[in-house]
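So the chains spell out like this:
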Amino acid sequence: MSLRLVVLILALAGAASGTVSAQTSTGRHRQLPAESQPEPAARGDGAWFLSAGAGLVTSGDLFRVRTAGQSGIPWDPPAGANFQSDDFAVTLDETIAMALSAGRRLAAPLWARLDLGAAQIDMTAIARVGETADVFRWDQLSIYQAALVAEYRLVDEPSFAYLLGGVAGVLARGEASGDYDQERVGLRFGGGYQQRLAQAWGLRFEVRDTMVSLDFADYRPPVVGEVAYPDVTMEERSPQHLLELLVSLQGGF
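Residues numbered from 1 in each chain as written. Predicted model: local features only at pLDDT ≥ 70, side-chain atom pairs only at ≥ 80, totals over all residues. Heavy atoms only, no water.

Caption draft 1: Structural context of the overall build of the protein chain. Along the backbone of the protein chain there are one helix and 13 strands. Put simply, the protein chain runs from its N terminus to its C terminus through helices and strands in the order α-β-β-β-β-β-β-β-β-β-β-β-β-β. Counting only contacts in the protein chain whose residues sit at least 6 apart along the sequence, the fraction spanning at least 24 positions is 70%. As presented, the protein chain carries roughly 14100 Å² of accessible surface, and 60% of it is formed by carbon and sulfur atoms. (Helix = DSSP H or I, 4+ residues; strand = E, 2+ residues; numbered from the N terminus. Contact = heavy atoms within 4.5 Å. Areas by Shrake-Rupley, 256 points an atom, 1.4 Å probe, with all protein chains shown as cover.)

Now the structure itself:
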């Protein structure tokens, strides 16, 4: 084989090698970067939310009044008819409560909330009259609440369960008498479930309890005529539990 033929073969082999190298560097088979993962759907409702709703609120006894012996003292409720009893308790019935909330996300599962609520609750006297217990209207107590609450969402999904806890300010005002008007601070805790309805909208079901100690130590229930005030023993039934069962509509933005 001549030297010229050998050189020609080597030149053709080099050209072929360069062509293959050029083809592999064109980038036509380059691996594309992985697409960024979208945020979970539960986080698509924005960093803020507002909710409005209503439900039931109830509580228990506020105080109990006892007089010495079988005196049958005639009592004069601020907003009801007179009755005679030496032993009765004033309790709060159930009624409709209104609720508003505004919240902001602090971290993926944790939100800060401001809760506002209002209700007018009947105060009922359950009195021992002879061998039986009768029910009498006493007054009506307006309860206004403002609470700073932490909400922790248990799962990062469009529909989720959550827990809550915080501090509440409670303002109590009597309808017919101002003798038990007061402002107190209490604790709030509870939980709920939010069902997603559409993008940024949800339906909430929430149960919460506001534990507060209303003060009736200096309260003197009025008697008929008040000629001679009876020997009365006042028993406070603290703390009170303002238990609420609420349904609300929430919107995020």
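Caption draft 2: Region of interest: the side chain of E151. Topologically, E151 is positioned in strand β8 (residues 132–153). Of note is the side chain of E151, whose polar atom sits 3.0 Å from the side chain of R153. Every residue in contact with E151, bar those within four places of it in the chain, is listed here: F49, P109, L110, W111, R113, F160, Y162, L163, L164 and R204. (Polar contact = N/O pair within 3.5 Å; in protein donor to acceptor, adjacent residues only side chain to side chain.)

Caption draft 3: Just unusual backbone geometry, in detail. With an omega dihedral of -5°, the bond running from S238 to P239 counts as a cis peptide bond. Position of P239 relative to the elements: it lies in the loop between β12 (232–236) and β13 (240–252). You will see that A200, though not glycine, has its phi angle at about 75°, which is positive. Topologically, A200 is positioned in the loop between β10 (182–198) and β11 (201–212).

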